[in-house]
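Observations on the three-dimensional arrangement
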Amino acid sequence: MALSEKDVQYVVKLARLEVTDQEVAKYTQQLANILEYVEQLNKLDTSNVEPLTHPLDVKNVFRADELRPCLTQAEVLSNAPEPQSGHFKVPKIM
Amino acid sequence: MEYEPVIGLEVHCELKTKTKLFCGCPTTFGNEANTQVCPICLGLPGTLPVMNAKAVEFAVKIGHALNCAISKYSKMDRKNYYYPDLPKAYQISQYDKPLNYAGYLEVPLKEGMKRIGITRAHLEEDAGKLVHAGGKAGRLDSSDYSLADYNRGGIPLVEIVSEPDIRSADEAYAYLTELKNILLYIDVSDCNMEEGSLRCDANVSVRPKGTEKFGTKAEIKNMNSFRFAKQAIEYEIKRQVALLEKGERVVQESRLWDVTENKTKPMRSKEEAHDYRYFPEPDLVPIVLSEDYVKKLKGQLPELPGAKRARFASKYGLTPYDAGVLTSEQELAQWFEEGAKHTKNPKGLANWIMGDMAAKMKEQEKELKDLKFDQKKLCELVDLIDAGTINSKQAKEVFAEMFDAGVSPAEVVKSRDMAQVSDPKAIEGAVDKVLAENPSVVADYKGGKQGVIGFLVGKVMQASQGKANPKLVNEILKKKLDS
Amino acid sequence: MKNELLEKTIHEVSADLKAKKVSSVELTKAALDYLEEIEPKVQSFITITRDEALRRAAEADKRLASGKDVTPLTGVPIAIKDLLCTKGIRTTCASRMLETFKPPYDATVVEKLYQAGAVSVGKTNMDEFAMGSSTETSFYKKTKNPWNLNCVPGGSSGGSAACVSAGQAFASLGSDTGGSIRQPAALCGIVGLKPTYGRVSRYGLIAFASSLDQVGPFGKDVEDCAIMLGAIAGHDPMDSTSADVPVPDYAAEAKKGIKGLKIGIPKEFFPEGMNREVSVAVKDAIAQLKSLGAETVEVSLPSSPYGLAAYYVLAPSEASSNLARYDGVRYGLRIPGENIVEMYSKTRAAGFGPEVKRRIMLGTYALSSGYYDAYYVKALKVRRLIKQDYDKAFEKVDVIATPTCPNPAFRFGEKTGDPLSMYLEDIFTVSINITGLPGLSVPCGMSKSGLPIGLQLIGKAFDEATLLRTAWAYEQATEWHKQKPALKEE
């Protein structure tokens, strides 16, 4: 599974990043090296192994359906780059 | 060529928990923007979700009501995509281990019941709301900017995905109606489409009738009422058939229902394919439901509309249609059933409920809880008719007074002295008087014009101020005239 | 000038505070003055909170005067890694992305330290979003290793390690996703502990990789670490992955001795060709433990060498999702754009440094359609194999001893050109995060060039007490932790 520049460009788009053509070449090289290192995982036979998502065996953590205080609108918007009339303003979507 | 539509529906139902899925913010609708938000549902760095137990309970109830298998082991996953209404840039949803799967819904159609498969019903969080402003404000594709409000973000949703078993817009409408009814019965959602607590998307394709292979589908969004859903699906079927008949292809895409133009329109296609990169949500732990828990929730379900419908038909001798109307709302069904205890003629009661009562309630915009009379009084009316105390014309008057003032029908009959006169002696007197006053009519009758008897009946009824039993009047008149 | 009080440990200075030999305000002022004096050299801090610290010190003095609710941390100046949310105090994750971000809430661990009466003097430097092993990826500054200012302090919690080593704070909080507490502790010659996953709340810890991250303490010695852990450990209903397991009195547990303790030595952690100074120091330390009454047993962890490869799939995958929220909409940096996608991309391109971008790309790739099973699921399966290795080893032993890092501190820029060489720094530490087990690094030697070497102790889940006990016994018998750095360039 050799990583191509096209793969990197796809991932850049998917992750909402932006890179120059020069950077694409550099990142492709670096990521390919790392992936090559990662390939060693295939030396291990995992055909009968279940994936382990959580390091510890915990299940069923629930909270009661009880109200807790909200932030004020001012607090909610306190870090907003562009607040407008109680909302977060964003540039046009289409 | 004849074409057959293939339709699958995705319904998003907001659960009526007090708080959001992963935090303690309220779920109330319509408050000022960004006032029902905390660090968690705002997706602030460092915050973590904790699952609302009630939401799981409601979701499992939905699974039961839709005859689903309930997963013993379930988990939450992250669905990754960027959109400004999604504070974490991922939605916590369920991917390969939904809480409920492989169910079905029996939908009443004119032709009878139809079973529509339920692929899955899984738990997820709602997104916030965007207001599209500037330019042609309110429209996504031509606004200058948008404003994000996260009050709705994080409200628990259950997404109910049907199998592509639906074959017409009418079936889709019936499915949605039945599904909504069930959700209301089990009391897990307000199902208020105007407030967005019930939302629906449709996957529509068509194929030559008799073929197996699915055609290319379009996903129809933005149908915010069942009526629009029906119209949109109807339109979409026609559009696709027309394309195929012209020898063109249907493009796989998302389309929006445009209410003003009454047509579906393509959403401006995003430049990339979706790659949601689902993976297990590491901040939440698996949901492992015990047999007891699952069973207990099943036991808590009320009788569902389908079962109730069948029972009403057999127990009360109602037509399937009438049983359907009476069970279309749980409250109404209860109201009827409570009433049926007080009369020997439940069918008569049903007719009054669906007839005059429904009409008046609609006209005066009243609900059951606003009524000034109870079932006992309405049953009294039914019984008065059945006993022959009043006739059906009088009954309408009595009903009106009971509806407006809440008085008991017996009292109305009494105070207005309406009781039907069924005493033959009293009627005979009136008949004699009418015969004496109308000798020429009597002569006509005896001369062979038997039809004039109706005139004489009318006169007797008039004389008795409508209270005489018309059947008796008729009998006595005939006897006297023919003797 | 360094006040001699600043040379003390928490357990020593806490006695002085209780005995009213010094007030918290005096101690905090001394700490802040010295902190600021040497800060140009060490550069441990992103934000120094002098006013806030003095306010809390005054409160602590009231508590000390009343004698009520006094803990060993009451009135003691400590520091907090800048990825733990502090209400109203900017929390940057050493990223340009969060340069102006002021959380409206405190992380649970911060709240707990405040409740214990600790006085925070500031937010420490780190690798951007905790991604790195040298603190060089910080957007703001390069923290220096107090033992040699030309060397890195390790990372990602480099600022938290350096400030304790240099005496700018008595202890600090860091976070450890692949070694980010243990490695800088080793490189800076102090004690650092990564608790069992779930032992300490993650609420308010800005996530790097959610299933691996854990908050933990740095201390000048084992007892200080025990005191800090005791203050932050425990179940938190705000964190679904926090465990409801009783918290022992760690400081008391630490002093119980190690007679009969079984220590496992895994050969996989002593590969051929490894740094001789490191292997000698660690082996000497193991011999020392044996002489103190412990028994050593050879154990095998055959899958553990694959930990790093699994880690560099799992951690970036989770990170790619965790860092998606930095989109310029609700907080943090925004670079304007013609439309939303342009705004997102420009913001994220400008807000994140190269290492963060690299890991986001790597993780996005590993999770993307067509590669998920080959990378992500495969890594999760290897994760189980590694866990099974440890479970098996811990049937035989109480503690496992290894080197913390393959090498002592390296020079600035030495590994920045080749990301993989930097990643290999975590080779001995990552498998502990993958398995969720607790790990501790305690100073166990000095290289010829005067750089500290660390011994890593790995324990059973929720058995931090045994780690502390082992390290404390070792510390009592050795002098490494008493050596102080000279803050010189060499």
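A brief report on the enclosed structure follows. In every chain, residue numbers begin from 1 and rise along the written sequence. Each chain gets a letter, beginning with A, and each ligand a number, beginning with 1, in the order they are written. Reporting of local features is limited, given that this is a predicted model, to residues whose pLDDT is at least 70; pairs of side-chain atoms are given and counted only at 80 or more, and all residues count toward the totals for whole chains, interfaces and linings. Excluded from the side-chain calculation are hydrogens and water; included are all heavy atoms of the structure.

As for the overall build of chain B
- The secondary structure content of chain B amounts to 15 helices and 17 strands.
- Just to be clear, the radius of gyration here is over C-alpha atoms, and the globule rule we use is 2.2 Å times residues to the power 0.38. Relative to the 2.2 N^0.38 estimate, which gives 23 Å for 483 residues, the radius of gyration of chain B is 31 Å and therefore markedly larger than a compact globule would have.
- Projected onto the principal axes, the alpha-carbon positions of chain B cover approximately 100 × 55 × 50 Å.
- Only protein chains enter the accessibility calculation, which uses a 1.4 Å probe; a residue is then buried when its area is under 20% of its type maximum, exposed when over 50%, and partly exposed in between. Per-residue burial for chain B yields a buried fraction of 53% across its 483 residues.
- Every residue pair with non-hydrogen atoms within 4.5 Å of one another is taken to be in contact. Within chain B, contacts between residues at least 6 apart in sequence are counted, and of these 69% link residues at least 24 apart.
- Summed over all atoms, the accessible surface of chain B reaches about 21900 Å², with 51% contributed by carbon and sulfur.
- Positive: Lys, Arg. Negative: Asp, Glu. His and the chain ends are not part of the count. A charged residue contributes its charge at one atom only: NZ of Lys, CZ of Arg, CG of Asp or CD of Glu. Each charge class in chain B was averaged separately, 70 positive and 71 negative side chains, and the resulting centres sit 3 Å apart. In this description a helix means any DSSP run of H or I spanning at least four residues, a strand means any run of E spanning at least two, and both kinds are numbered starting from the N terminus. Note on areas: Shrake-Rupley with a 1.4 Å probe; residue coverage comes only from the protein chains shown.

Section: the environment of C:Arg90
Residues and elements named next belong to chain C.
- Its location among the elements puts Arg90 in the loop between strand S2 (77-81) and helix H4 (108-116).
- A C-alpha to C-alpha distance of 34 Å links Arg90 and Lys482, two positions 392 residues apart in sequence.
- Setting aside chain neighbours within four positions, we find Arg90 in contact with Ile46, Thr47, Asp82, Glu99, Phe101, Lys102, Lys123 and Tyr140.
- Within the structure, the side chain of Arg90 is placed 3.1 Å from the side chain of Thr47, a separation counted as a polar contact. Whenever a nitrogen or oxygen atom comes within 3.5 Å of another N or O atom, the pair is scored as a polar contact, on the condition that within protein one atom can donate a hydrogen and the other can accept it, and that pairs from neighbouring residues in sequence are kept only if both atoms are in side chains.

As for the interface of chain C and chain A
- In this assembly, 67 residues from chain C lie in contact with 51 residues from chain A.
- Summed over both partners, buried area is the accessible surface (1.4 Å probe) that two parts give up on being assembled. Note on chain C versus chain A: buried area summed over both sides is about 5500 Å², and carbon and sulfur give 69% of it.
- Every case where a carboxyl oxygen of Asp or Glu lies within 4 Å of a side-chain nitrogen of Lys or Arg is listed as a salt bridge. Our count for the chain C to chain A interface comes out at two salt bridges.
- In this structure, C:Arg334 and A:Glu82 form a salt bridge, with 2.8 Å as the shortest nitrogen-oxygen distance.
- Where chain C meets chain A, there are 16 residue pairs in polar contact (both at pLDDT 80 or more).
- When residues of the side of chain C that touches chain A are traced back to their parent elements, those giving at least two are helix H10 (307-322), helix H11 (340-351), helix H12 (354-367), helix H13 (372-396), helix H14 (419-423) and helix H15 (430-435) of chain C.
- For the side of chain C that touches chain A, the element with the most residues is H13(C), which contributes twelve residues.

Focus: the packing of helix H12 (residues 424-437) of chain B against helix H14 (residues 453-463) of chain B
Residue and element names in this part refer to chain B.
- Where H12 contacts H14, the two axes come as close as 9 Å, and the packing angle between them is 125°. By the criterion of interaxial angle, the relationship of H12 to H14 is oblique. Every pair of crossing elements has a handedness; the one defined by H12 and H14 is right-handed. Across the interface between the two elements, Ala430, Val431, Val434 and Leu435 from H12 touch Leu456, Lys459 and Val460 from H14.
- Classification convention: Asp, Glu, Lys, Arg as charged; Ala, Val, Leu, Ile, Met, Phe, Trp, Tyr, Cys, Pro as nonpolar; all other residues, Gly among them, as polar. Considering only residue class, the contact of H12 with H14 consists of six nonpolar, no polar and one charged. To get an axis, fit a line to the C-alpha atoms, keeping to the stretch in contact for a helix; angles then go from 0 to 180 degrees between the N-to-C directions. Angle categories are assigned with fixed cut-offs, so that under 35 degrees is roughly parallel, over 145 is roughly antiparallel, 65 to 115 is roughly perpendicular, and the rest are oblique. Each crossing is labelled by how the near helix is turned from the far one, with a counterclockwise turn of less than a right angle marking it left-handed and a clockwise turn marking it right-handed.

Side note on the packing of aromatic side chains
- Between rings of Phe, Tyr and Trp, where Trp is taken as its six-membered ring, a pair exists when centres lie within 6.5 Å; planes separated by under 30 degrees are stacked, by over 60 edge-to-face, and by other angles tilted. Per the counting criterion, the structure on display carries 30 aromatic pairs over all chains.
- With centroids separated by 5.7 Å and ring planes inclined at 75°, the aromatic side chains of B:Phe279 and C:Tyr376 adopt a geometry described as edge-to-face. Here B:Phe279 is found in strand S16 (residues 279-280), whereas its partner C:Tyr376 is found in helix H13 on a different chain.
- Judged by its relative accessible area of 0%, B:Phe279 falls in the buried class.
- Relative to C:Tyr423, the ring of C:Tyr312 lies with its centre 3.8 Å away and its plane at 5°, an arrangement referred to as stacked. Here the residue C:Tyr312 occupies a position in helix H10, and C:Tyr423 occupies one in helix H14, the gap between them amounting to 111 residues. One exposure class covers both C:Tyr312 and C:Tyr423, and it is buried.
- Of the aromatic side chains, those joined through ring pairs into one cluster are B:Trp335, B:Trp352, B:Phe373, B:Phe399 and B:Phe403.
- Ring-over charges, as used throughout, are those where CZ of Arg or NZ of Lys falls within 6 Å of the ring centre and within 35 degrees of the ring normal. Over the ring of B:Tyr104 we find B:Arg115, and its NZ or CZ is 3.6 Å from the ring centre.
- Positioned over the ring face of C:Tyr140 is C:Arg90, at 5.6 Å from the centre of the ring.

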